[in-house]
Each structure stands twice: as structure tokens, then as C-alpha cells.
Amino acid sequence: MKIYQVLTTLSFGDAVSNDALAIMDLLNKNGYKMNTYAEHIDTRLTSINGVKEINALPKLNDDDIMIYHLSTGTDLNRKIKSMGGRKLLIYHNITPPKFFAKYSGLSARLCSKGRGEVQSLSDTFEGVLCVSDYNRKDLQELGYTCPMAIRPILIPFEDYKKTPDEEIINKYNDGIKNVVFVSRIAPNKKQEDLLSMMSAYKKMYGDGIRLFIVGNPKGLENYDKRLKEYAKLLELDNVVFTGQVSFASILAYYKIADAFVCMSEHEGFGVPLIEAMYFGDPILAAANAAVPDTLGGSGILTTNDDPKKSAFLLHELLYDEELRASVIEGQNKRLEDFSYEKVSALFLEELEKFIRGEAV
Amino acid sequence: MDARKVLNDRYEASKSDLPDIKIEPFDSVPVSFQNEGTTGSLKHCVNHIRKNRGISYNCLDKKGRIVRKFLAFWIDPMVGQQNNIDDKFTVALLELFKLYKEREALYNRINALEAKICKLESEA
């Protein structure tokens, strides 16, 4: 029996790729010799031992296991159906296409295709590991009846101990409160609601805060442009769109954050929420999709449709020290559920069950 | 401390004292269909097809099946936005799609006529 991990794209720094690389590392450390195969591989990752082009994937024997990560529409979703071996799905969810229709036909089509493919694969997998309960429910709605378990994304927290960009830390250590959101620029992330919240804040409390929208707009430049025009319309001088930044810069933005605010309408898990917890940033987040699951009762919840309320909650979170401490304490407790040791043990346990032919 | 409850109670108690403010909606900013995102992605897709399926753009399936599949897949969602597409590359692809559809209709007519002639010949 051999284990093969397969995904469509292995890119640098995204949650799905990081999860796949962390799983490969974990399994190799635990004596399972396995490789990861992808259709598209970021050139920065090709030198990693065990990362291979999909064309190099050998024919699987009946007792081999394929761990398949599904997060988008791709022809590979159809191809794996006819590949051999026993298949274990790791489902990261697919963003509903409606979010992209205005900005990118390509993204909309990919997501639409992906959701159709997820449905057509409902009888392909012997078991599924969902990264959140929200994802499990999503699969049930799409007709999945195979055994499913919740297994959060495996996050190697050691990486966050790397040196942050000192220049950013020094530049923005000026007494102004820093509010941060980290994620790619995408319509489902609702960065416009961060801007309307900032506008409400400015009108209610003045200019004492600054918002950093940290993320890469690649492929959604039309949305990014619209966001920047909206910031101008709202006369917000205190918003920084960083664009794509280095990992050291991302660490720095988490470090300088006085609060982390997330207005996403669709998240399959929400790794940045965990990162914010790790850096001790109190979280204000809209209660959508998997966000409440991931927060697990910690952080503060809001809604997208009431910028005034969000601004009020943010102000309290920034200036009430006792409340901040309580929120951070709750987040620290929640963070323990996502520790590398805990999630890796859970993953190994589920994999062993799968190997033995027991329900995950 | 149940921070969520504390904050929520505080908000409910203060709600009526908050200033009445208006915020311009995001919808007041028009959506711009520039070439940056979508067209760049289309170009990427063509290159991807060339590279990964071993076909040259000038050496397609005679019936244009690959091009049709490609166009139906990648461009259909943008058909509603055609008026906003001014990129020559995309316009050319759409034109090609249209021509392939016309050629397919022509082939169908030729095939039907050939079948009819064969039948008439056999009956003669």
C-alpha cells in the first residue's frame, strides 16, 4: 500500500497548498513514504523533495490510497474518478460563482464547474475529511453520504516565528491604531464592507485608526480597482492596500495589528483567523459560512449590513482594555484546538482508520 | 467575561445615542470591465492549452472541437459583458467561435444533402 497526495495547484502561500505540504511533511515524518502530485506547481516549490508533476503519478493499485484536495473546478476532478486506488477527499469548499460574475468570467466559470464536479464525485470517495463543519454540511447538501469527519487545516505554527519585516513595524508604530485584514482580494472576502465600516468609524469617532487591506488582487484586478475607487469616494485617507507582499511583511502586519477584522461572506475555514489568534489580535468578524465554526465562540461577531454597529464594536474592542484581554484570552483557548500536535494527531488517527477500512 | 454578550448589550444600550450617519453604498461605484483581469486570464488559458495538451493554436482539431470547448467554457460567462470587451484578442476569439458554429451548421447541411443524394441514387 502506498499513499499519493493529489491536488490541482500547488501555489506559494495559499491555505490549501500549505495544508498539502504540511500533510506530506507529517506523513513522511511518521514513516509513510508519500509524494504530492499537482498539475500546476509554483516554481518556488518545485525543489521540495516529494513534489512532482501530475504526469509522474503512477498507476494506483487497488490498495493504494489517494488523498485528494478539492478546492476549485478543474479537469483533474473528472480524471481522478477513473484513477485506481482508494480515495480520501479533503474538502476545502468552493466559493459560490455568484461572487465573481461581475468581475471575472474565468473565476465564475471555474467555481461553477467546480461545484458541479463536487456533486458528480459524490460516489467516488470512501471517506471525506472536511476542514470545517460548514464544509461537511455543504457536501451533505451536494449528496455525499460517505463517512465524513472534521479535520481542521494543519498549520505549522513554527513558520510564524520567522522574522517579520522590521521596516513595516517601525513605520506604523506611531500611536495610530492599526486594523488589519489579511486575505486575497476577492469579492467573497467583502473588503468593501471593511471600507464602509471605516467610513462609519471616521464619522463616529474621527481619524484615530488605520486599515490595512493585505492581499494579492491577481485575477480580480477589476474588483481591486473598484475597491480603491470606493475608498476615494468615502474619502478614506487612512486605508493601505498593500497588494501582494512577502511572508515577512504579512507577519509584520499581524504584529502591528490592534484588531483583526474579517467581513468575508464565504470562507471554507479561514486560516487568517487562526493566524490573528496566534498573534494575539482581537478579532471582529462577520458571522458567515465557516467563520463562526472556526472562531468556536471566541472573538466578536458582527454582520455585513450594519457598518455603524461594526464601527461601534471595533471602537470598544480597540479601547476597552479589559474587554480586549477577555477576547484574546478566549481566542488563545480556541487556538489550542488548532495546535499542530492536536490536528496532526487527529489526521493520523483518521488516516489509520481509513487504511484499516473503518469509517473516518 | 462573556465578551460577546457584554459588547452586544453595550451596543443595544448605546444604539439610539449613535449619530445618524449615511454611507455611500459600494454599488454607487460602477463595475469596470477593463482588460486586466479577465483577458489576462484568457491568454493564460490559451497558453495553458497549448502547453499541456500539445496542440498549437494554428493546428486545431479540424472541426474546431477544442476551440469550441475552450470558448464555451471560458468565454460564455462573459457573453453578457461582450459590449464591454474591447480587447482584440477576445474579440477575435469570439469571432472565431461564431465562424466555427457557422461551419458546423454548413457541415450538417452538406452531410444531410450527401445522405439524400446517396438515397436517391440507390433508389434510381
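Provided above is the structure to which this section pertains.
Computed from a predicted structure; not experimentally measured.

A. Structural view of the pairing of strand β9 (residues 209-214) of chain A. Residues and elements named next belong to chain A. The buried count for β9 comes to six of six residues, which makes it a mostly enclosed element. Burial of the side chains of β9 extends over both faces: Ile209, Leu211 and Ile213 are buried on one face and Arg210, Phe212 and Val214 on the other. Pairing of strand β8 (residues 177-182) with β9, which is carried by six bridges, proceeds in the parallel orientation. Each residue of the ladder has a partner; that of Lys177, found in β9, is Ile209. Pairing geometry for β9 and strand β10 (residues 239-243), over four bridges, is parallel. By the bridge assignment for β10, Ile213 is matched with Phe241. Once the chain exits β9 it traverses helix α7 (residues 221-233) before rejoining the sheet at β10, and the crossover so formed is right-handed.

B. Representation of the state of the cysteines. Tallied over the entire structure, the rule returns zero disulfides over all chains. Cys130(A) carries a free sulfur, and the closest cysteine sulfur to it, the one in Cys146(A), is 8.3 Å from it.

C. Quick look at the nonpolar core. All names here are of chain A. Leu27, Ile67, Tyr144, Leu195, Phe260 and Leu314 are the most contacted members of the largest nonpolar core, which totals 136 residues. Of the domains in this structure, domain 1 (3-150) and domain 2 (158-337) are the two that each give at least three residues to this core. Ignoring sequence-local partners within four residues, the contact set of Phe260 consists of Val180, Phe181, Val182, Tyr254, Pro272, Leu273, Ala276, Asp281, Pro282, Ile283 and Leu284.

D. Fine view of the sheet that holds strand β12 (residues 283-286) of chain A. All names here are of chain A. The six strands are arranged β10-β9-β8-β11-β12-β13 in an open sheet whose pairing can be described as parallel. Of all strands in the sheet, those bounded by a partner on one side alone are β10 and β13 (300-302). Geometrically, the sheet is characterised by an average inter-axis angle of 25 degrees between neighbouring strands, direction not taken into account. Summarising the sheet, β12 and β13 pair through three bridges and their orientation is parallel. Paired with Ala286 across the bridge in β13 is Thr302.

The rules behind each value
- Residue positions within a chain follow its written sequence, with the count starting from 1.
- Chain letters start at A and ligand numbers start at 1, both assigned in the order the entries are written.
- Local features are withheld for residues below a pLDDT of 70 in this predicted model, meaning they are given only at 70 or higher, and side-chain atom pairs are given and counted only at 80 or more; totals for whole chains, interfaces and linings count all residues.
- Side-chain measures here rest on the full set of heavy atoms in the structure, leaving out hydrogens and waters.
- Classification of residues uses two cut-offs on accessible area relative to the type maximum, computed with a 1.4 Å probe and protein chains only: under 20% is buried, over 50% is exposed, and between them is partly exposed.
- In DSSP terms, a helix is any run of H or I states spanning at least four residues, a strand is any run of E spanning at least two, and both are numbered starting from the N terminus.
- Strand pairing is assigned whenever DSSP detects at least two bridges linking the two strands.
- Whether a crossover is right-handed depends on one test, that the path from the first strand over the helix to the second runs clockwise when the strands point away from the viewer.
- Pairs of cysteine sulfur atoms within 2.5 Å are what we label disulfides.
- Nonpolar core, defined: a set of buried Ala, Val, Leu, Ile, Met, Phe, Trp, Tyr and Cys residues in which side-chain atoms within 4.5 Å join the residues together.
- Note: domain ranges come from an automatic or database domain assignment.
- Note on definitions: a residue-residue contact is assigned when non-hydrogen atoms from the two residues lie within 4.5 Å.
- Axis geometry follows a simple rule: fit a line to the C-alpha atoms, using only the stretch in contact for helices, then measure angles between N-to-C directions, giving values from 0 to 180 degrees.

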